[in-house]
Amino acid sequence: MDDPKSRLLKPLASVDGQPAFDEPWQAEVLAIADTLVQNGLFSASAWSDALGEALKQSQSSGASDNQETYYQCVLNALEGLVASHSDIDQQAMTGKRKDWEQAYLSTPHGQPVNLKTEQQA
Amino acid sequence: MATDTKSTPDFDASKVAEIHQHLHSHLPSESALRVKALETLLVDKGLVNPKTIDAWIEAYTEEIGPKRGAMVVAKAWCDPEYKARLMRDAPAAIDELGFLGKATAHLKVVENTDEVHNLVVCTLCSCYPFSILGIAPPWYKAAAYRSRAVRDPRGVLSEFGIDLDVDIEVHVWDSTAELRYLVLPQRPAGTEDMSEEELAGLVSRNSMIGTDRDLGENIEDDG
């Protein structure tokens, strides 16, 4: 009696039992978001609204309905809220992201990757 | 353009490409780099403490999980007065067990009965009582669940193996940042002699969200 449409949507229960995080950055981004709510940088409602909006946008853009997409929405929402609630702007985020990339590329494999401080910025 | 010169063998070019690729293979993903950037900036501004972030991750990956919710449920099954307090003021009752967190500061407990089955969702994002259930499972965060739990709750329940009788009402609760929900599942028959701890072992995470119902299936048959 299964109609093909409902079978297409079946993966819901099939992901039951899978871990809540696939990669460390997913735990990190959620930890940062929750900590910023607790620290009062923005409210729980502002967080929920921003995440809801990011999820809605991602869904309408046709992104896959999976955990990777979800945490990317968490990251997008968080970057947006940080930009609007602190003096850290998108440019600073992009710049720091490039610094980290450079740090990884210039650190020999096996050694701890550290960001060069101030003089590079 | 020279295309075939033995003096400039393409060995070097391919070696360079190989080294380049090798380096890139150690590069974290784009998302991971963005998170690192964000954390560095927030730490530099004094807006987060890296130790707090590490402690959060450790707590939620190792310590805080649905066991806490299961203990609340088992206590409510064994102690009618506790259950009354839980139904009346869930945060205060959860605080009695020391599990109160910010995500459970506003929580309502909804009870399953022979006539009613409760299902919890957050249609907007993924609001969830994570200080007593841990991090929400992947399906809870999926767009498919968030939309279908309201539109077709029986269909969703059926996917999780629950085929409800038509005369059982389904109540769907939409969580928000201000109000989250916990389902109090029914105590299975034949568990009168079980201790609170044993009972907690029967309570699945999904039963406290509503995608599991008959916990009698979890009783091990020592028979």
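Preceding this section is the structure that the text describes.
These numbers were taken from a predicted model, which means no experiment stands behind them.

### Remarks on the pattern of salt bridges
Residues and elements named next belong to chain A.
Argument step 1. Considering all chains together, one arrives at 11 salt bridges over all chains under this definition.
Argument step 2. Among the salt bridges present, the one from K56 reaches E53, with a minimum N-O distance of 3.8 Å. With K56 and E53 both in helix α4 (residues 44-60) and three residues apart, this pair spans about one turn of that helix.
Argument step 3. Judged by its relative accessible area of 52%, K56 falls in the exposed class.

### A short note on the nonpolar core
Argument step 1. By size, the foremost hydrophobic cluster in this structure holds 93 residues, and its most contacted members are A:W47, A:L78 and B:Y145.
Argument step 2. Domain assignment of the residues forming this core places at least three in each of domain 1 (12-48) and domain 2 (65-218) of chain B.
Argument step 3. Aside from chain neighbours lying at most four places away, what touches A:W47 is A:A33, A:V37, A:F42, A:V74, A:A77, A:L78 and A:L81.
Argument step 4. Counting seven residues, the second-largest nonpolar core is a separate cluster that includes A:W100, A:A103, A:L115 and B:L33.

### Structural notes on the side chain of B:S31
Argument step 1. Summarising the element assignment, B:S31 is placed in helix α2 (residues 30-44).
Argument step 2. Excluding anything up to four places from it in sequence, B:S31 contacts A:W25, A:E68, A:Q72 and A:L75.

### Considerations on the state of the cysteines
Argument step 1. Tallying each qualifying case throughout the model produces zero disulfides over all chains.
Argument step 2. Looking at B:C125, it has no disulfide partner, and the nearest cysteine sulfur is the one in B:C127, 3.8 Å off.

### Section: the packing of aromatic side chains
All names here are of chain B.
Argument step 1. For the structure on display, the rule yields 12 aromatic pairs over all chains.
Argument step 2. A network of ring pairs unites the aromatic residues Y128, W139, Y140, Y145 and F160 as a single cluster.
Argument step 3. One residue, K75, lies across the ring of Y82, its end atom 5.3 Å from the ring centre.

### Re the packing of helix α4 (residues 66-78) of chain B against helix α5 (residues 80-88) of chain B
Residues and elements named next belong to chain B.
Argument step 1. Orientation of α4 relative to α5, taken along the N-to-C sense of each, is 125 degrees, at an axis distance of 5 Å. The orientation of α4 with respect to α5, classified from their angle, is oblique. When α4 is examined against α5, the residues V72, K75, A76 and C78 are found in contact with a partner set consisting of P80, Y82, K83 and L86.
Argument step 2. Among the residues making up the contact of α4 with α5, the classes are represented as six nonpolar, no polar and two charged.

What counts and how
- Residues numbered from 1 in each chain as written.
- Chains lettered and ligands numbered in written order.
- Predicted model: local features only at pLDDT ≥ 70, side-chain atom pairs only at ≥ 80, totals over all residues.
- Heavy atoms only, no water.
- Salt bridge = Lys/Arg side-chain N within 4 Å of Asp/Glu carboxyl O.
- Helix = DSSP H or I, 4+ residues; strand = E, 2+ residues; numbered from the N terminus.
- Buried < 20%, exposed > 50% of the residue type's maximum accessible area, 1.4 Å probe, protein only.
- Core = buried A, V, L, I, M, F, W, Y, C linked by side-chain atoms within 4.5 Å.
- Domains from an automatic or database assignment.
- Contact = heavy atoms within 4.5 Å.
- Disulfide = S-S within 2.5 Å.
- Phe/Tyr/Trp six-rings, centres within 6.5 Å; stacked < 30°, edge-to-face > 60°.
- Lys NZ or Arg CZ within 6 Å of the ring centre and 35° of its normal.
- Axes fitted to C-alpha atoms, helices over the stretch in contact; angles between N-to-C directions.
- Parallel < 35°, antiparallel > 145°, perpendicular 65-115°, else oblique.
- Nonpolar A, V, L, I, M, F, W, Y, C, P; charged D, E, K, R; others polar.

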